[in-house]
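Single-letter residue listing:
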Amino acid sequence: MSGYLLAIDQGTTSSRAIIFDLKGKIVASSQQEFAQIFPEDGWVEHDPEVIWQTTLATCRDVFQQAQLHARDVISIGITNQRETTVVWDKQTGKPIYNAIVWQDRRTAEECQRLKQQPELTNLVANKTGLLLDPYFSASKIAWILDNVVGARARARAGELLFGTIDSFLLWRLTGGKQHATDATNASRTLLFNIHSHQWDSDLLALFNIPSNMLPEVRDCAADYGSTEASLLGAEVPIGGIAGDQQAALIGQACFTPGMAKSTYGTGCFMIMNTGEHALQSKNRLLTTIGYRLNGKTTYALEGSIFMAGATIQWIRDGLQMIANATESQSLAEQTGANNSVYMVPAFTGLGAPYWDPEARGAIFGLSRDTGIKEIVTAGLQSVCYQSRDLLAAMAQDGAKPTSIRVDGGMVVNNWLVQFLADTLGIDIERPQVTETTALGVAYLAGIQAGVFLDVEEVADLWQHEAQFKPRMSESDRERLYRGWLEAVKKVLCGDSV
Ligand code: ADP
């Protein structure tokens, strides 16, 4: 077969379009950043029209760059910032409010009120694998219905549609013909039962959301219709959808239980394939749908760290100790792993497995000979120690990864990745194609189009660029990690020790 695959990667800060060849190599890419809207403290919004326009513009631009026509594309995949919520008018296609972004905390009080009832926390965890938290879509939809005049009545009358960003883009790309989403995106709404694969009537009632607003949920590789010819110059089938972290799991070819990927960008997201079984975490990790293909679901455990690369940004911009992130590597090489300074980057609280929103950051172990290099090194090390916290939580839940595949902007730092291998005590692999999110949905689109027979064929295409094996002694590994746990204990202030 000849032709190309187009991945649309609609992220939190930018929209991107990447054309891949049928071996998964990048042919061309285009990216546009867009404005973040902060109407009030803790609120984060995007203009859905801007999301749409930047998506369309990058698709058109990438064709031009590659000197290709939409006809050359066999299938399109869409991956997206997860949980972000759009409600739009079914007739006009106009959103009735800005997109409420996953980071938005405006519904914290409402979620806190619901959490007072322990049986609700359990109900939500059992059905969705998630926590009662503003992060997920449900309370955001409810907020829009409660705060936009007339919205709830219009929703009941069937005049409004809800979608995460994938769903909104799909609706627009197909000229309003498709109102659908995939199982991974649905699994982040707090409304989807990940075991029965149905929108859940108890949860819909809890948030007072009419079911007629919801998209149809399909496999990650499925027939999602075709683009309107007027948009890109031809009708192109859309064959794959997955939320960004799940797309990266696929792009990293983590197709067997025990395989995990960890993305080190601004924050860090670690996801491990747990196979056919939805492991209910006892350590406040999230249980989620890794992917669903041919009606068969593969589940995953997920943990996230708020501050990964953002810690290095703070050291650069806030402390002004380094001019650029790259410098952190040579400073850490000078310091060495045996650093007695610990930085706990709890700038906005701590995520999994602590979930302490009140905790704040601190630096411990300062002595007269502490200098810039020790503090910078402690920043890098904090990312690895937090990864070990996640791994330990996964292991306690009965899911210990055999190796981890890494990606994201931080992993160009060899010192960091080696220290990660040493801290975790397992092999770390870095792939040749680091655009794993876009690659993941290109693969899905390719599977749907018959370019690839199955995930095994995709797994054969994955190649590592470098492998990092643990070199540190067991006693050093444990001693350093104990120091980290002591430091974390000192910053925790919630009930989450
Ligand atoms: P995102 O997709 O979340 O915007 P990226 O995957 O582009 O993030 O990664 C950018 C992050 O990686 C920044 O926070 C930056 O501080 C960090 N980073 C980039 N290069 C290095 C490096 N050599 N060492 C450590 N951190 C780095």
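Please refer to the structure higher up on the page.
The following refers to the structure shown. (Residues numbered from 1 in each chain as written. Predicted model: local features only at pLDDT ≥ 70, side-chain atom pairs only at ≥ 80, totals over all residues. Heavy atoms only, no water.)

Digging into the overall build of the protein
Then step 1. For the protein, the helix and strand inventory stands at 17 helices and 22 strands.
Then step 2. Rg of the C-alpha trace for the protein: 22 Å, near the compact-globule value of 23 Å for 497 residues, within the 12% margin.
Then step 3. Judged by the C-alpha coordinates and their principal axes, the protein covers about 70 × 55 × 40 Å.
Then step 4. A buried classification covers 62% of the 497 residues belonging to the protein.
Then step 5. The long-range fraction of contacts in the protein, counting pairs at least 24 apart against all pairs at least 6 apart in sequence, stands at 72%.
Then step 6. Total accessible area computed for the protein in this model is approximately 19200 Å², and 48% of it derives from carbon and sulfur atoms. (Helix = DSSP H or I, 4+ residues; strand = E, 2+ residues; numbered from the N terminus. Rg over C-alpha atoms; globule rule 2.2 N^0.38 Å. Buried < 20%, exposed > 50% of the residue type's maximum accessible area, 1.4 Å probe, protein only. Contact = heavy atoms within 4.5 Å. Areas by Shrake-Rupley, 256 points an atom, 1.4 Å probe, with all protein chains shown as cover.)

Remarks on the site of the ligand
Then step 1. Neighbouring the ligand are 14 residues; T266, G309, Q313, G409 and N413 lie closest to it.
Then step 2. Here an oxygen atom of the ligand and a side-chain polar atom of T266 are 2.7 Å apart.
Then step 3. With respect to the ligand, the side chain of N413 contributes an N or O atom lying 3.1 Å from a nitrogen atom.
Then step 4. Considering every element that reaches the shell around the ligand, the biggest residue donor is helix α11 (residues 309-318), with 4 residues.
Then step 5. Considering only residue class, the shell around the ligand consists of 5 nonpolar, 9 polar and no charged. (Near = heavy atom within 4 Å. Polar contact = N/O pair within 3.5 Å; in protein donor to acceptor, adjacent residues only side chain to side chain. Nonpolar A, V, L, I, M, F, W, Y, C, P; charged D, E, K, R; others polar.)

Thoughts on the pattern of salt bridges
Then step 1. Counting across every chain of the model gives 30 salt bridges.
Then step 2. A salt bridge links D104 to R106; the nearest nitrogen and oxygen atoms lie 2.8 Å apart.
Then step 3. The partner of R113 in a salt bridge is E110, and the shortest N-O contact between them spans 2.8 Å. Of this pair, R113 and E110 both sit in helix α2 (residues 108-115), 3 residues apart, which is roughly one turn of the helix. (Salt bridge = Lys/Arg side-chain N within 4 Å of Asp/Glu carboxyl O.)

Observations regarding the side chain of T263
Then step 1. Looking at the element boundaries, T263 is found in strand β14 (residues 259-264).
Then step 2. Polar side-chain contacts of T263 include one of 2.6 Å to the side chain of D407.

Quick word on the sheet that holds strand β22 (residues 464-468)
Then step 1. Spatially, 7 strands are ordered β16-β17-β15-β14-β20-β21-β22 in an open sheet, and the strand pairing comes out mixed. Each edge of the sheet is formed by a strand with only one pairing partner; in this case those strands are β16 (286-293) and β22. Adjacent strand axes in the sheet meet at a mean angle of 25°, parallel and antiparallel pairs treated alike.
Then step 2. With 7 bridges joining them, strand β15 (residues 268-275) and strand β17 (residues 296-305) adopt antiparallel strand pairing. Across the sheet, F269 pairs through a bridge with S304, a residue of β17. (Pairing = 2+ DSSP bridges. Axes fitted to C-alpha atoms, helices over the stretch in contact; angles between N-to-C directions.)

Describing the sheet that holds strand β13 (residues 238-243)
Then step 1. A sheet is described by the order of its strands in space; here 5 strands give the open sequence β3-β2-β1-β5-β13, paired in mixed fashion. Each having just a single partner strand, β3 (26-33) and β13 make up the two edges of the open sheet. Strand-to-strand twist of the sheet, defined as the mean angle between neighbouring strand axes without regard to direction, takes the value 15°.
Then step 2. Contacts from helix α1 (residues 48-66) reach β1 (4-10), β2 (14-20), β3 and β5 (73-80), with the element oriented near 150° to β3.
Then step 3. Against the sheet, helix α10 (residues 244-251) contacts β5 and β13, and its axis sits at roughly 110° relative to β13.

What about the side chain of D244?
Then step 1. As for its position among the elements, D244 is in helix α10.
Then step 2. Among the residues examined, D244 registers a relative accessible area of 17% and is labelled buried.
Then step 3. Apart from the residues within four sequence positions on either side, D244 is in contact with T79, N80, Q81, R82 and T437.

Quick notes on the packing of aromatic side chains
Then step 1. Overall, the coordinates contain 15 aromatic pairs when judged by the stated rule.
Then step 2. Ring geometry for W88 and F168: centres 5.4 Å apart, planes at 65°, overall edge-to-face. In this pair, W88 sits in strand β6 (residues 85-89) while F168 sits in helix α6 (residues 165-173), placing the two residues 80 residues apart along the sequence.
Then step 3. The class of W88 is buried, set by a relative accessible area of 0%.
Then step 4. Owing to a relative accessible area of 0%, F168 belongs among the buried residues under this scheme.
Then step 5. With a centroid separation of 5.6 Å and an interplanar angle of 35°, the aromatic rings of Y342 and Y385 are classed as tilted. (Phe/Tyr/Trp six-rings, centres within 6.5 Å; stacked < 30°, edge-to-face > 60°.)

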